[in-house]
Amino acid sequence: MEKLNTLFSKIHDYLLEYLPTVRKMSPNTIRAYRKSLELLLDYVRDNQKIPYNNITFEVITREVITSFLLYLEETRNCSISTRNQRLQCLRSFYKYAAQEDVACVKYYDEIKNIKQAKEAKTIVEHMSEAAVEAILNAPDTESDLGKRDAFMMLFLYKTGARVQELVDVCLSDIQLGTQAKVTLHGKGAKTRVVPLRDNEVQHLKEYLAHFHPEGSLYSNDYLFYTVRGQKRKRMTEDNVRSRVKKYGEMAREKCNEVPENVHPHLFRHSLAMLLYQNGVDLTLISQW
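**Student:** Sorry if this is basic, but what is going on with the sheet that holds strand E1 (residues 174–175) here?
**Tutor:** The strands making up a sheet associate through backbone hydrogen bonding, with each pair oriented either parallel or antiparallel. Spatial strand order, E1-E2-E3: 3 strands in an open sheet with antiparallel pairing. At either end of the open sheet lies a strand with only one pairing partner, and these are E1 and strand E3 (191–195). In terms of strand pairing, E1 meets strand E2 (residues 181–185) through 2 bridges, oriented antiparallel. From the neighbouring strand, isoleucine 174 faces E2, where its bridge partner is valine 182. In the packing of helix H7 (residues 144–159) onto the sheet, contacts are made with E2 and E3, and the angle to E2 comes to roughly 85 degrees.

**Student:** Sorry if this is basic, but what is going on with H7 here?
**Tutor:** Structurally, the α-helix is built with 3.6 residues per turn, so residues lying three or four positions apart point the same way. Helix length check: H7 (16 residues) gives 22 Å between terminal C-alpha atoms against 22 Å at 1.5 Å per residue, within 8%. Considered for burial, the residues of H7 that qualify are Gly146, Arg148, Asp149, Ala150, Phe151, Met152, Met153, Leu154, Phe155, Leu156, Tyr157 and Thr159. Glycine 160 sits one or two positions beyond H7 and adopts a positive phi of about 70 degrees.

**Student:** Explain the nonpolar core to me, please; I cannot follow it from the model alone.
**Tutor:** Grouped burial of nonpolar side chains is what soluble globular proteins tend to show. Judged by nonpolar contacts, the single largest core of 45 residues is most densely connected at Ile135, Phe155, Leu223, Phe224, Val240 and Phe267. Those elements that place two or more of their residues in this core are helix H6 (129–136), H7, helix H8 (163–168), E2, helix H9 (198–211), helix H10 (237–252) and helix H11 (264–277). In terms of residues, this core owes the most to one element, H7, which gives 7 residues. For leucine 223, the contacting residues outside a window of four places in its chain are Phe155, Val169, Cys170, Leu171, Ile174, Leu204, Tyr207, Leu208 and His212.

**Student:** Please explain the packing of aromatic side chains as it appears in this structure.
**Tutor:** Aromatic rings considered in pairs are described by the distance between their centres and by the relative angle of their planes. On inspection of all chains with the given rule, the structure shows 19 aromatic pairs. Note on phenylalanine 57 and phenylalanine 93: the rings are 6.2 Å apart at their centroids and 10 degrees apart in plane angle, and the pair reads as stacked. One end of the pair, phenylalanine 57, is in the loop between helix H2 (27–47) and helix H3 (62–74); the other, phenylalanine 93, is in helix H4 (residues 80–100), with 36 residues separating them in the sequence. Exposure class is identical for phenylalanine 57 and phenylalanine 93. Each is buried. Both rings, one in phenylalanine 57 and one in tyrosine 94, keep their centres 5.7 Å apart while their planes meet at 80 degrees; by these two values the pair is edge-to-face. In this pair, phenylalanine 57 sits in the loop between H2 and H3 while tyrosine 94 sits in helix H4, placing the two residues 37 residues apart along the sequence. Neither residue differs from the other here; phenylalanine 57 and tyrosine 94 are each classed as buried. Counting every residue linked through ring pairs, the aromatic cluster contains Tyr14, Tyr18, Tyr33, Phe57, Phe93, Tyr94, Tyr96 and Tyr107.

**Student:** I tried to follow the pattern of salt bridges on my own but got confused; where do I start?
**Tutor:** For side chains bearing opposite charge, pairing can occur when the charged atoms are close. Summed over all chains, the structure comprises 14 salt bridges. Arginine 83 is paired through a salt bridge with glutamate 73; the nearest N and O atoms lie 2.8 Å apart. Of the two residues, arginine 83 is situated in helix H4 and glutamate 73 in helix H3; the sequence distance between them amounts to 10 residues. One network of salt bridges, with partners in common, ties together Asp42, Arg45 and Asp46.

**Student:** I would appreciate a short explanation of H2 in the present structure.
**Tutor:** For H2, with 21 residues, the first-to-last C-alpha span of 29 Å sits near the 30 Å given by 1.5 Å per residue. Taken together, the buried positions of H2 are occupied by Asn28, Ile30, Tyr33, Ser36, Leu37, Leu39, Leu40, Leu41, Tyr43 and Val44. Looking one or two residues past H2, lysine 49 carries a phi angle of roughly 60 degrees, positive in sign.

**Student:** Any chance you could explain the packing of H6 against H7 here in plain terms?
**Tutor:** Helix packing geometry: the angle between the two helix axes and the distance between the axes. For the pair H6 and H7, the least separation of the axes is 9 Å and the interaxial angle reads 150 degrees. Taken together, the axes of H6 and H7 are roughly antiparallel relative to one another. Residues Val132, Ile135 and Leu136 of H6 touch H7, and the partners they reach there are Ala150, Met153, Leu154 and Tyr157. Of the residues assigned to the contact of H6 with H7, the class counts are 7 nonpolar, no polar and no charged.

The rules we used
Residues numbered from 1 in each chain as written. Predicted model: local features only at pLDDT ≥ 70, side-chain atom pairs only at ≥ 80, totals over all residues. Heavy atoms only, no water. Pairing = 2+ DSSP bridges. Helix = DSSP H or I, 4+ residues; strand = E, 2+ residues; numbered from the N terminus. Contact = heavy atoms within 4.5 Å. Axes fitted to C-alpha atoms, helices over the stretch in contact; angles between N-to-C directions. Expected span 1.5 Å × (residues − 1). Buried < 20%, exposed > 50% of the residue type's maximum accessible area, 1.4 Å probe, protein only. Core = buried A, V, L, I, M, F, W, Y, C linked by side-chain atoms within 4.5 Å. Phe/Tyr/Trp six-rings, centres within 6.5 Å; stacked < 30°, edge-to-face > 60°. Salt bridge = Lys/Arg side-chain N within 4 Å of Asp/Glu carboxyl O. Parallel < 35°, antiparallel > 145°, perpendicular 65-115°, else oblique. Nonpolar A, V, L, I, M, F, W, Y, C, P; charged D, E, K, R; others polar.

This is the structure we're talking about:
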């Protein structure tokens, strides 16, 4: 039981004290570290057939972590980038454990030299205006779900938001009026303010009237939400990805310019390309 308490007490202190208080990391970053540790523990439990209460530092060997990384790639179909990010999160935790407890140094020494996988250079994809229009028109806007999804994808495209930024937008991040804008909260607690044009504002007002009829722009209610257990919950990034993928597949049946694999980040790339094609300087696009 001593070993069990050591592992899980270190995880507890790392996530709830060290990252937010000492490192001052954002909730989104902490969520990513938490997810990496949860995935590893679930893998050990399911694939190594070891129940949670028997998982210790000794159990999670270099070989187990290497096997876990292969599992991410081959079974969960994670990208090389995601695989490397998970490894970096695990290294960070083990380094913290070694700094806090000399008995954990040997466990950190075992995994700190696991190599990251090499990432192939990829071409930045983007969609044509015709493809974007086909996807935006794919939802059935006669239904509430279709109305939400149609505006959600329009918001992704017009603001250039990352999927995490999208699901974190609260009503209090929106400012209407003569200079309408939305504040997006990105990685590392970085924020940026994106202006909203007249047509976007009109769509936004219609969305708010339908989905937030009693809402206040001073509240912390999420702009986009799902209803679970009769309560409004923050949409997950995976939920957004699955919805976007679905509409991409639907749109491709009507427009052959739609890529085979449509994902939220494509809207961001497509907006950047549209701005560039219309003469906006690349440096300005990057900063925006």
